[in-house]
Amino acid sequence: MKAPGLGKSQQSILDAIKRRGNATIPQLATELDLNIETLRDHLKALARHRLVRREGSRRNGPGRPEIVYALTLEAEELFPRRENEILQDLASYLEETGNAGILRKVLERRMETRREESLARVKHLKGRQRLKEVARILSDLGFMAVIEGPASTPTLRLCHCPIRRLVDVTKAPCRIEIGFIAELIGKPLTRHSYIPAGGSSCSYRAGS
């Protein structure tokens, strides 16, 4: 595991805690050959970055109990993951075997769970205020959405595709996405740029 912005010692600490499940400072000091004060400083820095958390205490012999440290969910995300590859393989298999409709239903169901709450957030909003709230909703879903351009012809840009590998296999998510966004905005949409076609973002304009 190599995380951007972390020094070698801090990465070693995360690796050691990952292997153990959790660890105390004396355990880490013995395993990594670091002194106690240095370890404390590193753990404080890792805690500030929300990469380690305190998980109770443990007594190892006489003296005061030692604080037990564990990884946070943010730290767990730094280690290799293969979910995207498996999802991509599954989507390919469904397409090849004529079962693409199953994947479409799963995606529609996933979007449906967010539909009611999202519509409630924009129900009483109009114009650019509504567009900004739509952008916030989409950003919450991982799309890094921004509103650009003049008030008369605003453009909604999705700067990131959180399911890019899946879109390489099937464009079903894109069709569901544009329908969802149009419903939130309350107008039909025209796509002006598209990440899978080489664009830096997926951009949309309403009613044009």
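Source: prediction; values computed, not measured. (Residues numbered from 1 in each chain as written. Predicted model: local features only at pLDDT ≥ 70, side-chain atom pairs only at ≥ 80, totals over all residues. Heavy atoms only, no water.)

Caption draft 1: Here's a closer look at the pattern of salt bridges. Considering all chains together, one arrives at 14 salt bridges under this definition. Measuring nitrogen to oxygen at the nearest pair gives 3.9 Å for the salt bridge that ties Arg 104 to Glu 108. Taken together, the positions of Arg 104 and Glu 108, both in helix H6 (residues 100-122) and four residues apart, correspond to about one turn of that helix. Take Glu 108: its relative accessible area is 39%, and that puts it in the partly exposed class. Here Glu 183 ties to Arg 115 by a salt bridge, and the two come within 2.5 Å at their closest N and O atoms. Of this pair, Glu 183 sits in helix H9 (residues 172-185) while Arg 115 sits in helix H6, placing them 68 residues apart in sequence. Since its relative accessible area comes to 32%, Glu 183 is described here as partly exposed. When salt bridges that share partners are traced, they join Arg 121, Glu 133, Arg 136 and Asp 140 into one network. (Salt bridge = Lys/Arg side-chain N within 4 Å of Asp/Glu carboxyl O. Helix = DSSP H or I, 4+ residues; strand = E, 2+ residues; numbered from the N terminus. Buried < 20%, exposed > 50% of the residue type's maximum accessible area, 1.4 Å probe, protein only.)

Caption draft 2: Expanded view of the state of the cysteines. Applying the stated criterion across every chain yields a total of zero disulfides. Cys 202 supplies the cysteine sulfur nearest to Cys 174, a cysteine that is in no disulfide, at a spacing of 6.3 Å. For Cys 174, a relative accessible area of 6% gives the class buried. The class for Cys 202 is buried, based on a relative accessible area of 8%. (Disulfide = S-S within 2.5 Å.)

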